[in-house]
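Below are the chains, spelled out letter by letter.
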Amino acid sequence: MDLIHPQLAAFAAVLEEGSFEAAARRLCVTPSAVSQRIKALEDRLGQVLVVRQSPCRPTPAGENLLRRVRPMQALEAEALADFMPEQKAAPSARPVAIAVNDDSLETWVVAALARLHRQYGYVFDVRVDDQDHTLDLLRDGSVLGAITAVAKPLQGCNVHALGRMRYRAIAAADFAAEYFPRGIDAAAFARAPMIVFNRKDALQWRFVRRVTRARLMPPVHYLPTSSGFVEAAVRGLGWCLAPESLIAAALKAKTIVDLDSKRWLDVPLYWQHAAVRSTTLQRIGQGLREGAAAALRA
(Lines give C-alpha, C1' and ligand atoms only; values in the text may rest on other atoms or scores of the structure.)
Protein backbone atom coordinates (compact mmCIF):
# COMPACT_ATOMS: atom_id res chain seq x y z
CA MET A 1 0.00 0.00 0.00
CA ASP A 2 1.30 3.45 -0.98
CA LEU A 3 0.08 6.82 0.23
CA ILE A 4 2.31 8.74 -2.18
CA HIS A 5 0.88 9.38 -5.65
CA PRO A 6 1.72 6.48 -8.02
CA GLN A 7 3.52 8.86 -10.39
CA LEU A 8 5.86 10.02 -7.62
CA ALA A 9 6.36 6.45 -6.42
CA ALA A 10 7.34 5.40 -9.95
CA PHE A 11 9.68 8.38 -10.29
CA ALA A 12 11.50 7.55 -7.05
CA ALA A 13 11.64 3.83 -7.84
CA VAL A 14 13.25 4.40 -11.25
CA LEU A 15 16.02 6.51 -9.73
CA GLU A 16 16.53 4.17 -6.77
CA GLU A 17 16.63 1.00 -8.88
CA GLY A 18 18.41 2.52 -11.88
CA SER A 19 16.03 1.34 -14.63
CA PHE A 20 12.38 1.21 -15.62
CA GLU A 21 12.48 -2.61 -15.60
CA ALA A 22 13.83 -2.86 -12.05
CA ALA A 23 11.35 -0.22 -10.85
CA ALA A 24 8.51 -2.18 -12.43
CA ARG A 25 9.55 -5.34 -10.58
CA ARG A 26 9.59 -3.47 -7.29
CA LEU A 27 6.21 -1.85 -7.89
CA CYS A 28 4.67 -5.06 -9.33
CA VAL A 29 3.61 -3.35 -12.54
CA THR A 30 4.85 -3.46 -16.14
CA PRO A 31 7.75 -1.31 -17.42
CA SER A 32 5.24 0.31 -19.76
CA ALA A 33 3.12 1.38 -16.78
CA VAL A 34 6.17 2.90 -15.08
CA SER A 35 7.08 4.74 -18.28
CA GLN A 36 3.55 6.10 -18.62
CA ARG A 37 3.54 7.35 -15.03
CA ILE A 38 6.89 9.12 -15.45
CA LYS A 39 5.77 10.68 -18.73
CA ALA A 40 2.49 11.85 -17.14
CA LEU A 41 4.41 13.38 -14.22
CA GLU A 42 6.79 15.16 -16.60
CA ASP A 43 3.82 16.47 -18.62
CA ARG A 44 2.15 17.77 -15.43
CA LEU A 45 5.28 19.59 -14.31
CA GLY A 46 6.42 20.67 -17.75
CA GLN A 47 9.93 19.36 -17.09
CA VAL A 48 11.99 16.33 -18.10
CA LEU A 49 12.76 14.59 -14.81
CA VAL A 50 14.66 11.42 -15.74
CA VAL A 51 17.59 10.90 -18.10
CA ARG A 52 16.79 7.61 -19.88
CA GLN A 53 20.14 5.87 -19.79
CA SER A 54 21.78 3.04 -17.86
CA PRO A 55 21.55 3.68 -14.99
CA CYS A 56 18.74 6.23 -15.07
CA ARG A 57 19.61 9.50 -13.37
CA PRO A 58 17.69 12.65 -12.52
CA THR A 59 17.84 15.86 -14.51
CA PRO A 60 18.37 19.05 -12.46
CA ALA A 61 14.58 19.35 -12.22
CA GLY A 62 14.44 15.69 -11.18
CA GLU A 63 17.00 16.29 -8.43
CA ASN A 64 14.88 19.14 -7.14
CA LEU A 65 11.79 16.92 -7.05
CA LEU A 66 13.63 13.94 -5.55
CA ARG A 67 14.83 16.10 -2.63
CA ARG A 68 11.17 16.64 -1.77
CA VAL A 69 9.99 13.10 -2.43
CA ARG A 70 12.60 11.43 -0.16
CA PRO A 71 11.24 12.97 3.08
CA MET A 72 7.70 12.21 1.93
CA GLN A 73 8.63 8.52 1.67
CA ALA A 74 9.95 8.51 5.24
CA LEU A 75 6.78 10.15 6.52
CA GLU A 76 4.67 7.72 4.48
CA ALA A 77 6.39 4.74 6.11
CA GLU A 78 5.78 6.21 9.57
CA ALA A 79 2.10 6.86 8.79
CA LEU A 80 1.62 3.30 7.56
CA ALA A 81 3.33 1.98 10.69
CA ASP A 82 0.92 4.01 12.86
CA PHE A 83 -2.22 2.84 11.09
CA MET A 84 -1.03 -0.60 10.01
CA PRO A 85 1.33 -1.93 12.74
CA GLU A 86 1.93 -5.12 10.79
CA GLN A 87 3.84 -3.01 8.24
CA LYS A 88 6.67 -2.61 10.75
CA ALA A 89 7.60 -6.26 10.34
CA ALA A 90 7.14 -6.35 6.58
CA PRO A 91 10.22 -7.76 4.85
CA SER A 92 9.74 -5.34 1.95
CA ALA A 93 10.20 -2.26 4.15
CA ARG A 94 11.72 0.57 2.10
CA PRO A 95 15.44 1.06 2.86
CA VAL A 96 16.53 4.37 4.34
CA ALA A 97 19.14 5.85 2.00
CA ILE A 98 22.08 7.53 3.73
CA ALA A 99 25.53 8.63 2.54
CA VAL A 100 28.62 7.71 4.56
CA ASN A 101 32.35 8.25 4.14
CA ASP A 102 34.33 5.01 3.83
CA ASP A 103 36.47 5.53 6.94
CA SER A 104 33.38 5.93 9.13
CA LEU A 105 31.81 2.86 7.53
CA GLU A 106 34.96 0.83 8.26
CA THR A 107 35.23 1.95 11.87
CA TRP A 108 31.98 2.81 13.69
CA VAL A 109 28.94 3.28 11.43
CA VAL A 110 28.12 -0.42 10.91
CA ALA A 111 27.76 -0.96 14.67
CA ALA A 112 25.44 2.06 14.92
CA LEU A 113 23.28 0.86 12.01
CA ALA A 114 23.11 -2.64 13.51
CA ARG A 115 21.78 -1.22 16.78
CA LEU A 116 19.16 0.80 14.89
CA HIS A 117 18.12 -2.31 12.95
CA ARG A 118 17.75 -4.36 16.14
CA GLN A 119 15.79 -1.62 17.89
CA TYR A 120 13.49 -0.45 15.12
CA GLY A 121 13.84 -2.90 12.23
CA TYR A 122 15.20 -0.26 9.83
CA VAL A 123 16.93 -1.43 6.67
CA PHE A 124 19.50 0.82 5.03
CA ASP A 125 20.69 1.73 1.56
CA VAL A 126 24.21 3.02 2.29
CA ARG A 127 25.97 5.09 -0.38
CA VAL A 128 29.73 5.60 0.07
CA ASP A 129 31.75 8.64 -0.95
CA ASP A 130 34.49 10.87 0.41
CA GLN A 131 33.45 12.92 3.44
CA ASP A 132 33.94 16.10 1.38
CA HIS A 133 31.51 14.81 -1.27
CA THR A 134 28.78 12.84 0.55
CA LEU A 135 26.76 16.04 0.76
CA ASP A 136 26.38 15.96 -3.04
CA LEU A 137 24.19 12.86 -2.60
CA LEU A 138 21.96 14.72 -0.15
CA ARG A 139 21.88 17.75 -2.43
CA ASP A 140 20.69 15.76 -5.45
CA GLY A 141 18.06 13.87 -3.46
CA SER A 142 19.75 10.45 -3.60
CA VAL A 143 19.76 10.12 0.21
CA LEU A 144 17.85 11.39 3.24
CA GLY A 145 20.94 12.13 5.29
CA ALA A 146 24.72 12.21 5.02
CA ILE A 147 27.78 11.98 7.23
CA THR A 148 29.89 14.85 5.95
CA ALA A 149 32.85 17.08 6.74
CA VAL A 150 30.76 20.14 5.81
CA ALA A 151 29.37 22.03 8.80
CA LYS A 152 27.21 24.51 6.87
CA PRO A 153 23.72 23.02 6.41
CA LEU A 154 22.23 22.68 2.98
CA GLN A 155 19.04 24.62 2.39
CA GLY A 156 16.19 22.66 3.94
CA CYS A 157 18.49 20.50 6.07
CA ASN A 158 19.53 20.22 9.71
CA VAL A 159 23.10 19.55 10.86
CA HIS A 160 24.46 17.90 14.03
CA ALA A 161 28.10 17.61 15.06
CA LEU A 162 29.33 14.03 15.49
CA GLY A 163 32.95 14.50 16.55
CA ARG A 164 36.45 14.50 15.07
CA MET A 165 38.11 11.58 13.33
CA ARG A 166 41.86 11.71 13.94
CA TYR A 167 44.18 10.59 11.16
CA ARG A 168 47.85 9.74 11.70
CA ALA A 169 50.62 9.45 9.13
CA ILE A 170 51.92 5.87 9.05
CA ALA A 171 54.42 3.72 7.19
CA ALA A 172 56.40 0.53 7.62
CA ALA A 173 59.53 0.96 9.74
CA ASP A 174 61.87 0.13 6.83
CA PHE A 175 59.98 2.54 4.56
CA ALA A 176 60.22 5.31 7.18
CA ALA A 177 63.93 4.71 7.64
CA GLU A 178 64.51 4.93 3.88
CA TYR A 179 62.34 7.94 3.05
CA PHE A 180 62.03 9.83 6.35
CA PRO A 181 65.42 9.40 8.09
CA ARG A 182 65.26 12.98 9.45
CA GLY A 183 61.50 13.06 10.03
CA ILE A 184 58.72 14.50 7.89
CA ASP A 185 59.76 17.45 5.72
CA ALA A 186 59.24 18.71 2.19
CA ALA A 187 62.21 16.87 0.72
CA ALA A 188 61.06 13.54 2.18
CA PHE A 189 57.43 14.01 1.12
CA ALA A 190 58.51 14.87 -2.43
CA ARG A 191 60.30 11.50 -2.77
CA ALA A 192 58.16 9.12 -0.72
CA PRO A 193 55.36 7.20 -2.51
CA MET A 194 51.98 8.23 -1.08
CA ILE A 195 48.84 6.09 -0.82
CA VAL A 196 45.58 7.89 -1.65
CA PHE A 197 42.04 6.42 -1.58
CA ASN A 198 40.96 7.96 -4.90
CA ARG A 199 41.15 11.23 -6.77
CA LYS A 200 38.56 12.80 -4.48
CA ASP A 201 40.68 12.06 -1.40
CA ALA A 202 42.45 15.24 -0.31
CA LEU A 203 43.57 14.16 3.19
CA GLN A 204 47.17 13.29 2.40
CA TRP A 205 47.58 16.43 0.32
CA ARG A 206 46.17 18.56 3.14
CA PHE A 207 48.54 16.97 5.63
CA VAL A 208 51.57 17.59 3.37
CA ARG A 209 50.53 21.21 2.86
CA ARG A 210 50.04 21.71 6.58
CA VAL A 211 53.49 20.32 7.41
CA THR A 212 55.53 21.76 4.53
CA ARG A 213 53.54 24.75 3.16
CA ALA A 214 54.73 23.48 -0.21
CA ARG A 215 52.93 22.13 -3.27
CA LEU A 216 54.64 18.84 -4.04
CA MET A 217 54.15 16.13 -6.65
CA PRO A 218 55.19 12.84 -5.01
CA PRO A 219 54.60 9.37 -6.54
CA VAL A 220 51.01 8.32 -5.77
CA HIS A 221 49.29 4.94 -5.40
CA TYR A 222 45.47 5.06 -5.71
CA LEU A 223 44.01 2.36 -3.46
CA PRO A 224 40.23 2.61 -2.83
CA THR A 225 40.03 0.66 0.44
CA SER A 226 40.22 2.15 3.92
CA SER A 227 40.99 -1.11 5.72
CA GLY A 228 43.57 -1.94 3.04
CA PHE A 229 45.53 1.22 3.76
CA VAL A 230 47.10 -0.29 6.86
CA GLU A 231 48.09 -3.49 5.05
CA ALA A 232 49.51 -1.45 2.17
CA ALA A 233 51.60 0.56 4.62
CA VAL A 234 52.75 -2.61 6.42
CA ARG A 235 53.92 -4.05 3.08
CA GLY A 236 55.89 -0.92 2.24
CA LEU A 237 53.71 0.31 -0.62
CA GLY A 238 53.93 3.86 0.68
CA TRP A 239 52.94 6.17 3.51
CA CYS A 240 49.37 7.29 4.17
CA LEU A 241 46.96 8.79 6.66
CA ALA A 242 44.67 6.35 8.46
CA PRO A 243 42.14 6.67 11.30
CA GLU A 244 43.79 6.03 14.65
CA SER A 245 41.23 3.34 15.50
CA LEU A 246 42.30 1.34 12.42
CA ILE A 247 46.03 1.49 13.15
CA ALA A 248 46.10 0.72 16.88
CA ALA A 249 46.75 -3.02 16.48
CA ALA A 250 49.45 -2.54 13.84
CA LEU A 251 51.20 0.11 15.93
CA LYS A 252 51.15 -2.21 18.95
CA ALA A 253 52.56 -5.05 16.84
CA LYS A 254 55.21 -2.63 15.48
CA THR A 255 54.41 -3.53 11.87
CA ILE A 256 54.00 0.21 11.20
CA VAL A 257 55.29 3.39 12.80
CA ASP A 258 53.73 6.80 13.37
CA LEU A 259 55.79 9.16 11.21
CA ASP A 260 55.30 12.01 13.69
CA SER A 261 53.50 11.41 16.98
CA LYS A 262 53.07 15.16 17.51
CA ARG A 263 51.37 15.91 14.20
CA TRP A 264 48.10 14.55 12.86
CA LEU A 265 45.00 15.63 10.95
CA ASP A 266 41.60 15.94 12.62
CA VAL A 267 38.49 15.84 10.40
CA PRO A 268 35.26 17.08 12.02
CA LEU A 269 32.24 15.04 10.95
CA TYR A 270 28.58 16.08 10.89
CA TRP A 271 25.22 14.43 10.28
CA GLN A 272 23.08 16.43 7.85
CA HIS A 273 19.53 15.38 7.02
CA ALA A 274 16.32 16.67 5.52
CA ALA A 275 14.61 19.06 7.94
CA VAL A 276 11.30 17.24 8.39
CA ARG A 277 9.56 16.15 11.58
CA SER A 278 10.36 12.49 11.07
CA THR A 279 10.65 9.97 13.89
CA THR A 280 12.83 7.82 11.62
CA LEU A 281 15.36 10.60 11.03
CA GLN A 282 15.35 11.54 14.73
CA ARG A 283 16.13 7.96 15.73
CA ILE A 284 18.81 7.52 13.09
CA GLY A 285 20.43 10.80 14.06
CA GLN A 286 20.42 9.82 17.73
CA GLY A 287 21.85 6.40 16.91
CA LEU A 288 24.66 7.90 14.83
CA ARG A 289 25.50 10.46 17.50
CA GLU A 290 25.72 7.73 20.13
CA GLY A 291 27.90 5.60 17.88
CA ALA A 292 30.14 8.55 17.06
CA ALA A 293 30.49 9.51 20.72
CA ALA A 294 32.05 6.12 21.43
CA ALA A 295 34.42 6.22 18.45
CA LEU A 296 35.32 9.84 17.63
CA ARG A 297 37.02 12.58 19.58
CA ALA A 298 34.75 15.19 21.11
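Okay, so let's go over this structure. (Residues numbered from 1 in each chain as written. Predicted model: local features only at pLDDT ≥ 70, side-chain atom pairs only at ≥ 80, totals over all residues. Heavy atoms only, no water.)

### Observations regarding the overall build of the chain
Helix and strand counts for the chain come out as twelve helices and eleven strands. When burial is assessed residue by residue, the chain has 47% of its 298 residues classed as buried. In the chain, of all internal contacts separated by at least 6 residues, the share reaching a separation of at least 24 is 74%. In the structure as shown, the chain presents an accessible area of about 15000 Å², 53% of it carried by carbon and sulfur atoms. Averaged over its 38 positive side-chain charges, the chain has a centre that lies 5 Å from the centre of its 30 negative ones. (Helix = DSSP H or I, 4+ residues; strand = E, 2+ residues; numbered from the N terminus. Buried < 20%, exposed > 50% of the residue type's maximum accessible area, 1.4 Å probe, protein only. Contact = heavy atoms within 4.5 Å. Areas by Shrake-Rupley, 256 points an atom, 1.4 Å probe, with all protein chains shown as cover. Lys, Arg positive; Asp, Glu negative; His and termini not counted. Charge placed at Lys NZ, Arg CZ, Asp CG, Glu CD.)

### Description of the packing of aromatic side chains
In this description, a pair of aromatic rings is defined by centroid distance and the angle of the planes. A complete count under the given rule lists eight aromatic pairs for this structure. Both rings, one in F189 and one in W239, keep their centres 5.0 Å apart while their planes meet at 50°; by these two values the pair is tilted. With a gap of 50 residues between them, F189 in helix α8 (residues 186-191) and W239 in the loop between α10 (226-234) and β9 (240-243) connect regions that are remote in the sequence. Assigned by exposure class, F189 and W239 land together as buried. Grouped by ring-pair contacts, the aromatic residues F175, Y179, F180, F189, F207 and W239 constitute a single cluster. (Phe/Tyr/Trp six-rings, centres within 6.5 Å; stacked < 30°, edge-to-face > 60°.)

### Here we look at a positive patch on the surface
Where like charges cluster on the molecular surface, the positive patch consists of R206, R209, R210, R213 and R215. If you trace the backbone, R209 turns up in helix α9 (residues 203-212). For R209, a relative accessible area of 33% gives the class partly exposed. (Patch = residues over 30% accessible without salt bridge, like charges linked within 9 Å, V, L, I, M, F, W, Y side chains within 5 Å. Salt bridge = Lys/Arg side-chain N within 4 Å of Asp/Glu carboxyl O.)

### Section: unusual backbone geometry
Looking along the chain, the bond that leaves S54 and enters P55 is cis, with omega of -5°. With respect to the helices, strands and loops of the structure, P55 is situated in the loop between β1 (50-51) and β2 (57-58).

### Considering the packing of helix α2 (residues 20-27) against helix α3 (residues 31-45)
Where α2 meets α3, the axes come as close as 8 Å, and the angle between the chain directions of the two elements is 105°. Here α2 lies roughly perpendicular to α3, going by the angle between them. Facing α2, whose interface residues are F20, E21, A23, A24 and L27, α3 presents P31, V34, S35 and I38. When its residues are assigned to classes, the contact of α2 with α3 shows seven nonpolar, one polar and one charged. (Axes fitted to C-alpha atoms, helices over the stretch in contact; angles between N-to-C directions. Parallel < 35°, antiparallel > 145°, perpendicular 65-115°, else oblique. Nonpolar A, V, L, I, M, F, W, Y, C, P; charged D, E, K, R; others polar.)

### Side note on the environment of D130
Relative to the elements of secondary structure, D130 occurs in the loop between β4 (124-128) and α6 (134-139). Taking the relative accessible area as the measure of exposure, D130 reaches 10% and is therefore buried. Spatially, the C-alpha atom of D130 lies 29 Å from that of G183, the residues being 53 residues apart in sequence. Excluding residues that lie within four positions of it along the chain, D130 makes contacts with N101, K200 and D201.

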